[in-house]
Structures are given as C-alpha cells and as structure tokens.
Amino acid sequence: MKPGFIYIMTNKNNTVLYTGVTSNLPKRIQMHKEKFFELSFTSKYNVNKLLYWEAFQEIGDAIFREKQIKAGSRQKKLNLINSFNPEWKDLTDNIKDIMSPF
C-alpha cells in the first residue's frame, strides 16, 4: 500500500487554511508552490506555506484523518497548527527527505 500524508497550508498573511491529502508530500507541496493547477483554490489564494502535516502507513488512514480535520471548526485547525508549529513557520524544508522511509 501507498503511504499517506495530510497537511495544512496557508498564504503569506496566514488568513486562508487549506487541508489536503497526498501519497507524496514533498512533491505535492512543490506543486502548490509552483501553482501547478492554475485554477485551483490554492493557486487562487496563494496558499504556499506548509504549517502542519501527519504521516500514515496507508493512504486510506490519511484520507480518514483528512475528513476528520475538514469536518472540524477553523478553531480546531488553529489549535492543531499551534500545537505542532506555534510560530507558523513554513515546514517545507523539514519534509524534503520524508519519502525515503517509504
């Protein structure tokens, strides 16, 4: 099975939150940063800063977790981010080698 990742991103002013799921986190984040899908939500709102992520052994578990996070309130997402990344730094550099265990 493929691994899975959920992630939360924001724009430079930290006003927009986007929650996503993928099987290759570094590649997907790079796609967001390059605005690979020009008409997407993340491109439209300049969402390019990785704030939070979780890794899973199987993509199905990541999809389940993404649905949990999306169903929660904005405040729950903020609490999750603040517990993991209180300074709201871009974590992209921290994940560049994350695929090597998989």
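As a reminder, the structure under discussion sits directly above these lines.
Here the structure is a predicted model, which is why all the values come from computation and not from measurement.

Pairing geometry for strand β1 (residues 4-10) and strand β2 (residues 17-22), over six bridges, is antiparallel. Counterpart to I8 in the pairing with β2 is T19. Connecting β1 to the antiparallel partner β2 that follows it, the hairpin turn spans six residues, and N14 within it adopts a positive phi of roughly 60°.

The next point concerns the side chain of N11. As for its placement among the helices and strands, N11 is situated in the loop between β1 and β2. Within the structure, the side chain of N11 is placed 3.3 Å from the backbone nitrogen of V16, a separation counted as a polar contact.

Let us look at the pattern of salt bridges. Under the counting rule described, the total for this entry stands at four salt bridges. A salt bridge links D90 to K33; the shortest N-O distance between them is 2.8 Å. Of this pair, D90 sits in the segment after α4 (74-84) while K33 sits in helix α1 (residues 25-33), and the two are 57 residues apart along the sequence. K33 gets classed as partly exposed once you look at its relative accessible area, which sits at 29%. The partner of K89 in a salt bridge is E87, and the shortest N-O contact between them spans 3.1 Å.

Rules used in this analysis
Residues numbered from 1 in each chain as written. Predicted model: local features only at pLDDT ≥ 70, side-chain atom pairs only at ≥ 80, totals over all residues. Heavy atoms only, no water. Pairing = 2+ DSSP bridges. Helix = DSSP H or I, 4+ residues; strand = E, 2+ residues; numbered from the N terminus. Polar contact = N/O pair within 3.5 Å; in protein donor to acceptor, adjacent residues only side chain to side chain. Salt bridge = Lys/Arg side-chain N within 4 Å of Asp/Glu carboxyl O. Buried < 20%, exposed > 50% of the residue type's maximum accessible area, 1.4 Å probe, protein only.

Purely geometric stuff here, so don't read any function into it on its own.
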